[in-house]
Amino acid sequence: MPRSASPDTLAVHAGTYEDPTTGSVGTPIFQTSTFKLNDDSYSAFSDGALRDVPIYTRYGNPGQWAVQEKVAALEGGESAVVTASGMSAIASTVFTLTNKGSHIISGYDVYGGTYNLLREDMPSCGRDVTFVDPLNTDAIKNAIRPETQVLLFESLTNPLLKMPPIEAIAEIARSANALLVVDNTFLTPINMRPLSLGADLVVHSATKYIGGHSDVTAGFVVGRRKFLDKIWAQTLRFGATADPLCCFLLERGAKTLPLRVERQNRNSAAIADFLSRHDQVTRVHYPTVNDEVEASTCQGYGGVVSFEVAGGDDHAFEVMRNLRIPYVATSLGGVESLVSMPSNTSHSSLTARQKALIGINPGLIRMAVGIESVDELIEDLDQALGRDNGVRR
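Residues numbered from 1 in each chain as written. Predicted model: local features only at pLDDT ≥ 70, side-chain atom pairs only at ≥ 80, totals over all residues. Heavy atoms only, no water.

*Asks:* Which parts of the structure should I look at to understand the overall build of the protein chain?
*Replies:* Summing up its helical and strand segments, the protein chain has 15 helices and 12 strands in all. Rg of the C-alpha trace for the protein chain: 21 Å, near the compact-globule value of 21 Å for 393 residues, within the 12% margin. Across its three principal axes, the protein chain shows a C-alpha extent of roughly 75 × 55 × 35 Å. Looking at the 393 residues of the protein chain, the share that counts as buried comes to 56%. Sequence-distant contacts, at least 24 apart, represent 73% of the contacts inside the protein chain between residues at least 6 apart. Per element, the accessible surface of the protein chain, about 16,200 Å² overall, is 49% carbon and sulfur. (Helix = DSSP H or I, 4+ residues; strand = E, 2+ residues; numbered from the N terminus. Rg over C-alpha atoms; globule rule 2.2 N^0.38 Å. Buried < 20%, exposed > 50% of the residue type's maximum accessible area, 1.4 Å probe, protein only. Contact = heavy atoms within 4.5 Å. Areas by Shrake-Rupley, 256 points an atom, 1.4 Å probe, with all protein chains shown as cover.)

Here it is, written out as structure tokens:
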């Protein structure tokens, strides 16, 4: 499948394994841990080229190769590695690209798991980390040191949906001879392709939109082959291999990624507009509401809307209990809508001061919007927030 094809066509056809025996139109599940050795296998061992030859599923499996090619094509990357989770993708990437005595720059409001990795594990491994406001390019420039090796930012932050200027940050990284890694989980390659904006590598929690059905845990790293070969080797050492069934589910889910994201873009925009006019909502976090839209680099804003309700956490709990359609659960990007409070889930490990610095205020709810009827979702939100007050007209 040529890379010049549209995302809709790439999502369906890129990477699909064409089985020569059965002619299956879908990639089979190669549910095996090992493969028969032959001359190609022995050559791969002697040449150190184990990544592309079927030898042992921890090294590689046709199902892994199929979904890696699909996601690489969607992101416009040369190569990709699928891992057992989004955090394993991030950890493998950061450990590969840095060494003892190096320096990392990241946003202070990155995903809680990423923040904990950078704050707790990197210093004990000899890497120093500086956290900055991801929207403040001056702060990012000022944080650069001679030993800075990696800048790690999200294309849309979690949970406050800020949009860092990726092109400007990429230029800062190039000037510092450092690498820019962008977590594109929230926007997906349907809404933004960070590699085309100057990023060196893109990471994903494929558990979210790429899988899309809340039935798989996985991650991706996408970029140039010279980086991916090293990251692949690190994932082997971490034991972060994605199993064959996981890869089958990922490829199956990715085929409908453009359709799902298009619906989630529309649903979330409509819900953000509704919430911005509701008198029980004190603030909405969404790019179009926050006036942080960069139309030239982003086709949409994904399916997450965060909002603060009057009455703080107690009212937020009540609102979530009253909802009839969304599930109260963590995660995002699936076909079903979910709601949660970042203060006691993804960012629960932060202190009250750290939460206040980031902007995680009392009453903050994160809604991961699914593909249900947007009219029914809005009606459900309205009744849960309280009909007596309703929407400001």
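*Asks:* Is there a simple way to think about the layout of surface pockets in this case?
*Replies:* One way to see where empty space is left: roll a probe the size of a water molecule over the atoms. Taken as a whole, the largest pocket encloses approximately 380 Å³ of empty space. For the lining of the largest pocket, the leading source of residues is helix α4 (residues 86-97), giving three residues. Residues of the lining of the largest pocket, tallied by class, amount to six nonpolar, 13 polar and four charged. (1 Å grid on protein atoms, 1.4 Å probe; cavity = no way out; pocket = protein on both sides within 12 Å on 5 of 7 lines; lining within 4 Å. Points joined across faces, edges and corners; volume = space filled by probe spheres on them. Nonpolar A, V, L, I, M, F, W, Y, C, P; charged D, E, K, R; others polar.)

*Asks:* Help me understand the sheet that holds strand β7 (residues 219-223) in this model?
*Replies:* Strand pairing in a sheet is mediated by backbone hydrogen bonds. Such pairs are either parallel or antiparallel. The sheet built from seven strands is open, its strands ordered β1-β7-β6-β5-β4-β2-β3 with mixed pairing. Edge strands, defined here as strands with exactly one partner in the open sheet, are β1 (79-83) and β3 (128-132). Across this sheet, the average inter-strand angle for adjacent strands is 20 degrees, counted without regard to direction. The sheet contact formed by strand β4 (residues 148-154) and strand β5 (residues 179-183) spans five bridges and is parallel. Following the sheet pairing, Leu 151 is matched in β5 by Leu 180. Seen against the sheet, helix α5 (residues 112-124) touches β2 (103-107), β3 and β4 and runs at an angle of roughly 145 degrees to β3. (Pairing = 2+ DSSP bridges. Axes fitted to C-alpha atoms, helices over the stretch in contact; angles between N-to-C directions.)

*Asks:* Sorry if this is basic, but what is going on with the nonpolar core here?
*Replies:* Grouped burial of nonpolar side chains is what soluble globular proteins tend to show. If you look at the biggest cluster of nonpolar residues, it comprises 61 residues, and the most contacted ones within it are Leu 151, Leu 180, Leu 275, Phe 307 and Ile 365. Ranked by residues supplied to this core, first place goes to helix α11 (residues 257-276) with six residues. (Core = buried A, V, L, I, M, F, W, Y, C linked by side-chain atoms within 4.5 Å.)

*Asks:* Would you mind showing me how to read the side chain of Ser 102 here?
*Replies:* Positionally, Ser 102 belongs in the loop between α4 and β2. Setting aside chain neighbours within four positions, we find Ser 102 in contact with Gly 126, Arg 127, Asp 128, Glu 147 and Gln 149.

*Asks:* Sorry, what's going on with the environment of Leu 364 here?
*Replies:* Structurally, Leu 364 can be placed in strand β12 (residues 364-368). Judged by relative accessible area, Leu 364 falls into the buried class, the value being 1%. Leu 364 sits 46 residues away from Glu 318 along the chain, and the two C-alpha atoms are 12 Å apart. Sequence-distant contacts of Leu 364, defined by excluding residues within four places in its chain, comprise Pro 159, Leu 160, His 285, Ser 306, Phe 307, Glu 308, Asp 313, Ser 340, Met 341 and Pro 342.

*Asks:* Can you help me understand the pattern of salt bridges in this one?
*Replies:* With the rule as written, the count across this model stands at 14 salt bridges. The partner of Asp 128 in a salt bridge is Arg 145, and the shortest N-O contact between them spans 2.7 Å. Pair noted here: Asp 128 is in strand β3 and Arg 145 is in the loop between α6 (137-143) and β4, with a separation of 17 residues, a long-range link. For Arg 145, a relative accessible area of 29% gives the class partly exposed. Here Asp 273 and Arg 277 are joined by a salt bridge, their closest N and O atoms 3.4 Å apart. Overlapping salt bridges, with partners in common, bring together Arg 51, Asp 52, Arg 225 and Asp 229 in one network. (Salt bridge = Lys/Arg side-chain N within 4 Å of Asp/Glu carboxyl O.)

*Asks:* Explain empty space enclosed by the protein to me, please; I cannot follow it from the model alone.
*Replies:* Evaluation of the coordinates by the stated rule reveals three cavities of 30 Å³ or more. Its boundaries defined by the atoms lining it, the largest cavity holds a volume of some 80 Å³. Together, 14 residues line the largest cavity, and Tyr 59, Gln 64, Gln 68, Val 82 and Trp 232 are the ones closest to its centre. Contributing elements (two or more residues each) for the lining of the largest cavity: α3 (62-75), β1 and α9 (225-238). When its residues are assigned to classes, the lining of the largest cavity shows seven nonpolar, five polar and two charged.

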